[in-house]
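Analysis of the macromolecular model
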Amino acid sequence: MTTNDTTEQPLHVVVAGGGVAGLEAVMALRDLAGNRVRVTLLEPGANFVYRPLSVGEPFALGPAQATSLTQFARDFDCDLVHDTVTEVFPELHTLALQSGEELTYDKLVVTLGARREAAFAHATTFRGQEDVEALHGLVQDIEEGYVRSVAFLVPAGVSWSLPLYELALMTARRAYEMCVAVDLTLITPEERVLPLFGRQASADVRAMLEKAGVTVRCGFVPEVVRKGLVMLHPSGDWVEADCIVALPVVRGRRIAGLPCDSTGFLPIDSFARVGSVNDVYAAGDGANFPLKQGGIACQQADVAASHIARAVGIPVDVQPFRAVLRGQLLTGTKPHFMRHDLRAQSAENDASTEQMLWWPPTKVAGKYLASYIAVEEERERAASAGHSVKRRAVIAPMRPEHETPLRGYEFVAR
């Protein structure tokens, strides 16, 4: 189906996965295609948990925000099915679901994310919300003087290392506030600190780490040979630590009926279409783009939504996916903002600053998701203060860095 006028049934788009990319896809579809599409969100969970903020939970910075998917579905006029995909039959445009039911689609957007697995047996792995309690226990042990050294490890093959830098900086800050002496070492295979953001951001974050007393060892692949002992390859040096904290390695979710690469990721083109199958798109960590980051996932979802909107006759200018990396580094004090166009030929438009580079300044800089998260946060704050809050659907794109932020923003349904 390539066109869809007002006399035809709306195109049925199934978004499989209720994470960052899934919510962004739903909002983008509703904004761009309006009532020309009927959207079904397929997600087994009841809530969308804003996982990027879970890095602050071990330090008592408040829980990661949880948003009701039932309310989200009402806000954006989509059907919510609490189930998940087990197999795709592309020729039949049909999904087999875990419940045993089937669901047909005209277009499918796969946003199921990826599996996060521990890289080391003798380390505390930080994947997000599920590991908050373990990290909180470590912070308490540091405060009470039971732990005097911590090694933070980026395993080989991990592309998005920013959360580990946040953990190291916030641990250093907490130790300083509690007047506790602790040796902190960050070990990474990266050639320099956060190289994906460019040289200026790398230098700025390295300076923050050094000021905080965190020793940085770049260019080394860590191996935890036994509890408390990290071997550095290729040098053969070793680091001892009372506790070891590591990021997980990321693996693709193989989905029966869809192509995947050797590690289980869905191959996508520059318009987020899954190769060799018709009417299937993918966005987020489950796609084979090497960088797994929330803002990138949202950009992929936006491209897919634009491509679908054009298929139903909306005259949108569909641009191929071009990754612009925006990151907010939590430090325990003032956050640090960074921006880098991954395909730019120069660093002219790079930025590394304490000044906000987008508005609302949420952790995930999604075109639509940023605004929705900001409004939900404001609603929760007002509700906790005993104020009545009138809900409004949020379809208001994030303001890019070159526009003046509007602090008194209001969002209305179109």
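Residues numbered from 1 in each chain as written. Predicted model: local features only at pLDDT ≥ 70, side-chain atom pairs only at ≥ 80, totals over all residues. Heavy atoms only, no water.

Looking now at the state of the cysteines. Counted according to the given criterion, the structure contains zero disulfides. Looking at the unpaired C78, the closest cysteine sulfur is the one in C298, lying at 16 Å. Judged by its relative accessible area of 7%, C78 falls in the buried class. (Disulfide = S-S within 2.5 Å. Buried < 20%, exposed > 50% of the residue type's maximum accessible area, 1.4 Å probe, protein only.)

With that settled, the discussion passes to the nonpolar core. Grouped together as the largest cluster of nonpolar side chains are 51 residues, with contacts concentrated most on V150, F152 and L209. Contributing elements (two or more residues each) for this core: α3 (132-143), β12 (149-153), α4 (162-177), β13 (183-188), α5 (199-212), β14 (214-218), α6 (294-311) and β21 (324-329). Top element by residues in this core is α4. It accounts for nine residues. Excluding anything up to four places from it in sequence, F152 contacts L164, L167, A168, T171, L184, T185, L186, I187 and V245. (Core = buried A, V, L, I, M, F, W, Y, C linked by side-chain atoms within 4.5 Å. Helix = DSSP H or I, 4+ residues; strand = E, 2+ residues; numbered from the N terminus. Contact = heavy atoms within 4.5 Å.)

Of note, the amide linkage connecting H233 to P234 takes the cis form, showing an omega dihedral of 10°. Looking at where P234 falls in the secondary structure, it is placed in the loop between β16 (229-233) and β17 (238-240). Each neighbour pair has its own omega, and for W359 with P360 the value is -5°, a cis peptide bond. Position of P360 among the secondary structure elements: in the loop between β23 (351-353) and α7 (369-384). Positive phi values are uncommon outside glycine, yet L194 reaches one of about 40°. The residue L194 is located in the loop between β13 and α5 in this model. Judged by its relative accessible area of 4%, L194 falls in the buried class.

Our next topic: the sheet that holds strand β20 (residues 280-282). The sheet built from five strands is open, its strands ordered β5-β2-β1-β9-β20 with parallel pairing. A strand with exactly one partner marks an edge of an open sheet, and here the two such strands are β5 (79-81) and β20. Geometrically, the sheet is characterised by an average inter-axis angle of 20° between neighbouring strands, direction not taken into account. Two elements, strand β2 (residues 37-42) and β5, share three bridges in a ladder whose sense is parallel. The partner of L41 across the bridge, within β5, is L80. (Pairing = 2+ DSSP bridges. Axes fitted to C-alpha atoms, helices over the stretch in contact; angles between N-to-C directions.)

In this model, the protein chain carries an average pLDDT of 91, and 92% of its residues clear a pLDDT of 70 or more. A low-confidence stretch, residues 1-6 stays under pLDDT 50, and its non-local contacts, those more than four residues away or across chains, total 15 contacts. Low pLDDT (under 50) marks residues 402-414, which in the prediction has 23 contacts with non-local residues, meaning those over four places away or in another chain. (pLDDT = per-residue confidence, 0-100.)

Our focus in this paragraph is the packing of aromatic side chains. Summed over the entire model, instances satisfying the criterion amount to seven aromatic pairs. Centroid distance W160 to F197: 5.9 Å. Interplanar angle 55°. Geometry classified as tilted. Of this pair, W160 sits in the loop between β12 and α4 while F197 is found in the loop between β13 and α5, placing the two residues 37 residues apart along the sequence. Just as W160 is buried, F197 falls in that class too. (Phe/Tyr/Trp six-rings, centres within 6.5 Å; stacked < 30°, edge-to-face > 60°.)

What follows covers the packing of α4 against α5. A pair of packed helices is characterised by two quantities: the angle between their axes and the separation of those axes. Where α4 contacts α5, the axes come no closer than 9 Å and their chain directions differ by 30°. Accordingly, the angle class assigned to the pair α4 and α5 is roughly parallel. When you trace α4 past α5, the crossing you get is left-handed. Mapping the contact onto sequence places Y165, A168, L169 and A172 in α4 and V205, M208, L209 and A212 in α5. The residue makeup of the contact of α4 with α5, split by class, is eight nonpolar, no polar and no charged. (Parallel < 35°, antiparallel > 145°, perpendicular 65-115°, else oblique. Left-handed = near helix turned anticlockwise from the far one by under 90°. Nonpolar A, V, L, I, M, F, W, Y, C, P; charged D, E, K, R; others polar.)

We now examine the pattern of salt bridges. A complete count under the given rule lists 17 salt bridges for this structure. The residue K107 makes a salt bridge to D279 at a minimum N-O spacing of 2.7 Å. Of this pair, K107 sits in strand β9 (residues 107-110) while D279 sits in the loop between β19 (249-251) and β20; the two residues are 172 residues apart in sequence, bridging distant segments of the chain. Given a relative accessible area of 22%, D279 falls into the partly exposed group. Notably, a salt bridge pairs R127 with D131, separated by 2.8 Å at the nearest N-O pair. Given the relative accessible area of 30%, R127 is considered partly exposed. Shared partners join several salt bridges into a network, and the residues in it are E143, R173, R174 and E177. (Salt bridge = Lys/Arg side-chain N within 4 Å of Asp/Glu carboxyl O.)

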